[in-house]
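Residue-level structure breakdown
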Amino acid sequence: MIETGKGGEGLRRGRVEGKVAVITGGTMGMGFGSACALAREGAHVTVIGRSDAGLAAADELRKYDESAEFVRMDVSDAKGMKAVYDEVAAKYGKIDIAVNAAGVGRQMRFTDVDEDFLDMYLNINFKGMWNACHAAIPHMVKRNYGKIVNFSSVTGVMVADPGMTAYSSTKGAIMGMTKALASEFAANNITVNAILPGMVDTPMARRGFAESDPVNPDAIAEAIAAQIPMKRMGTIEEAGAVALFLSCDDSAYVTGIGLVFDGGSTLPETPGSGWEPA
Ligand SMILES: NC(=O)c1ccc[n+]([C@@H]2O[C@H](COP(=O)([O-])OP(=O)(O)OC[C@H]3O[C@@H](n4cnc5c(N)ncnc54)[C@H](O)[C@@H]3O)[C@@H](O)[C@H]2O)c1
């Protein structure tokens, strides 16, 4: 929260005070971290998710925003998504912020990926974000104001891992869509940016560790953390802080970027430098 000027007489206003935000995947993980950050800073938040986790998430969010709501919707349902954003806009008269975090992540060898698996990825990870942007932008254009934040990944944009062809393809596509939308709607005062997380401690990450080692998933988590220059995974609160920055007017002149959020994981080292940090 930031203080207003002297005229405010002690009144505190958040960085997104009175803004209307819709957050896909806002029921857990980084989407929930983003929803908390926005609600704490004064936004009216609606979170979209598929599971009952959304009910508890909305209860938690109401500590900061009495109007917080959970809508059960599959992001791959284009018509359903449009109806949700239209309803939010009808209730508040606008949509200012769309944070798009809903996504799935599972490894599979390329030669084992069948059409159903690929379609599932494209429909949720890519079309889900497309649908959210498509549903939100007309409302933003009407008011000549909008902030869109798409969760992409370092995977598929900056780095690549075996078993991640379907995932990487969707995350690369999200970055391409983000840049194209930023260009198309810059004159409408709508900023469109992506966040490129590295390894963040979320239910998705924990599911991945359990798939890799069902007996001792914590050992996988520790081994991964040890390889990160900052020696730890990111948190959902830190992800929320990044989403808040891209959702508020502190980033008014920032558009079309992929903000890397990875504890230094993608920093290349000079081969053979031989330096061991203390
Ligand atoms: N966790 C990481 O390390 C990491 C790294 C890079 C990128 N990401 C990306 O960041 C985003 C958030 O990841 P997370 O780790 O917080 O995930 P998570 O699994 O912890 O949470 C994902 C959320 O998306 C929702 N969701 C999934 N499919 C949906 C659908 N079809 N319709 C509606 N909601 C749906 C879930 O209900 C949940 O709320 C994802 O797009 C993910 O690909 C995560």
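Residue numbers here run from 1 along each chain, matching the order of that chain's written sequence. Local features in a predicted model are, by the rule used here, given only for residues with pLDDT of at least 70; side-chain atom pairs are given and counted only at 80 or more, and totals for whole chains, interfaces and linings are based on all residues. Calculation of side-chain values draws on the structure's entire complement of heavy atoms; hydrogens and water are dropped beforehand.

Before going further, it helps to examine helix α8 (residues 236-247). Where helices and strands are cited, they refer to DSSP runs of H or I of at least four residues and of E of at least two residues respectively, numbered from the N terminus. Every helix has an expected span of 1.5 Å times one less than the residues it contains. For α8, which comprises twelve residues, the first-to-last C-alpha distance of 16 Å matches the rise-based estimate of 16 Å (1.5 Å per residue) to within 8%. Residue contacts are counted whenever heavy atoms from the two residues lie within 4.5 Å of one another. Looking at the buried positions of α8, the neighbouring elements they touch are α1 (29-40), β6 (97-100), β7 (146-151), β8 (190-197) and β9 (258-261).

Before going further, it helps to examine the nonpolar core. Counting residues in hydrophobic clusters, the biggest one holds 69 residues, and the most contacted among them are L38, V45, L61 and Y85. Considering each element in turn, this core owes the most residues, ten residues, to helix α4 (residues 115-143). Residues contacting L61, with those up to four places away along its chain left out, are F32, A35, C36, A39, V45, V47 and A68. Buried Ala, Val, Leu, Ile, Met, Phe, Trp, Tyr and Cys residues that are joined via side-chain atoms within 4.5 Å together make up what is termed a nonpolar core. A 1.4 Å probe rolled over the protein chains alone gives each residue an accessible area, and that area as a share of the maximum for its type sets the label: buried under 20%, exposed over 50%, partly exposed in between. Grouped together as the second largest cluster of nonpolar side chains are five residues, A205, F209, A221 and M233 included.

Next up on the list: the pairing of strand β5 (residues 69-72). A pair of strands is labelled paired if DSSP reports no fewer than 2 bridges between them. The sheet contact formed by strand β4 (residues 44-49) and β5 spans four bridges and is parallel. Bridging across to β5, G49 finds its partner in R72.

The subject of this paragraph is unusual backbone geometry. In the Ramachandran plot, N144 falls in the positive-phi region, its phi being about 55° despite a non-glycine side chain. Summarising the element assignment, N144 is placed in the loop between α4 and β7. Take N144: its relative accessible area is 41%, and that puts it in the partly exposed class. If you check the backbone angles, K231 has positive phi at about 65° while not being a glycine. As for its placement among the helices and strands, K231 is situated in the loop between α7 (217-227) and α8. What makes K231 exposed here is its relative accessible area of 55%.

The term salt bridge refers to a side-chain nitrogen of Lys or Arg lying within 4 Å of a carboxyl oxygen of Asp or Glu. Enumeration over the complete set of coordinates arrives at eleven salt bridges. A salt bridge links D86 to K82; the shortest N-O distance between them is 2.9 Å. You can see D86 and its partner K82 sitting in helix α3 (residues 78-92), four residues apart, about one turn around the helix. By relative accessible area, K82 is classed as partly exposed at 45%. Here D201 makes a salt bridge to R206, at a shortest N to O gap of 2.8 Å. You can call D201 partly exposed: its relative accessible area is 32%. For R206, a relative accessible area of 32% corresponds to the partly exposed category.

Splitting the protein by domain gives domain 1 (13-198 + 235-260) and domain 2 (202-233). Domains are outlined according to an automatic or database domain assignment. For domain 1 and domain 2, the distance between their C-alpha centroids amounts to 24 Å. With ten residues of domain 1 at the contact, the number on the domain 2 side is six residues. Note on domain 1 versus domain 2: buried area summed over both sides is about 580 Å², and carbon and sulfur give 58% of it. The term buried area means the drop in 1.4 Å probe accessible area that two parts suffer when joined, counted for both and summed. Per-residue buried area on domain 1 facing domain 2 is highest for M28, R106 and E238; these three make up 38% of the total on that side. Taken together, the links from domain 1 to domain 2 amount to one salt bridge. Among the salt bridges present, the one from E238 reaches R232, with a minimum N-O distance of 2.7 Å. Side-chain atoms alone can form a polar contact between residues adjacent in sequence; in general such a contact is a pair of N or O atoms within 3.5 Å, and within protein one must be able to donate a hydrogen while the other accepts it. Inspection of the region where domain 1 meets domain 2 yields one residue pair in polar contact (both at pLDDT 80 or more). Elements represented by at least two residues in the side of domain 1 that touches domain 2 include exactly α1 and α8. Asp, Glu, Lys and Arg are counted as charged, while Ala, Val, Leu, Ile, Met, Phe, Trp, Tyr, Cys and Pro are counted as nonpolar; the rest, among them Gly, fall into the polar class. Across the side of domain 1 that touches domain 2, the residue classes break down as four nonpolar, four polar and two charged.

Let us look at the sheet that holds strand β3 (residues 20-24). The seven strands lie next to each other as β5-β4-β3-β6-β7-β8-β9, forming an open sheet whose pairing is parallel. Strands with a single pairing partner mark the edges of an open sheet, and in this sheet they are β5 and β9. Within this sheet the neighbouring strands show an average axis-to-axis angle of 20°, counted without direction. Set on the sheet, helix α5 (residues 165-185) makes contact with β7, β8 and β9; between it and β8 the angle comes to about 160°. Between N-to-C directions, angles span 0 to 180 degrees; the directions come from axes that are lines fitted to C-alpha atoms, helices contributing only their stretch in contact.

Further remarks concern the site of the ligand. By nearness alone, 27 residues border the ligand, and T27, M30, Y167, T202 and R207 come closest of all. Contacts to the ligand include V75, whose backbone N or O atom sits 3.0 Å from a nitrogen atom. Within the backbone of M204, one N or O atom sits 3.2 Å away from an oxygen atom of the ligand. Protein contacts shield 96% of the accessible area of the ligand, which totals 830 Å² for the unbound molecule. At the level of elements, α1, α5 and α6 (203-212) are the ones that each hand at least two residues to the shell around the ligand. Top element by residues in the shell around the ligand is α6. It accounts for three residues. Looking at the shell around the ligand residue by residue, the class counts come to 14 nonpolar, nine polar and four charged. The cutoff for a nearby residue is simple: one of its non-hydrogen atoms must lie within 4 Å of the molecule or strand. Using the Shrake-Rupley algorithm and a 1.4 Å probe, accessible areas are obtained, with residue cover drawn only from the displayed protein chains.

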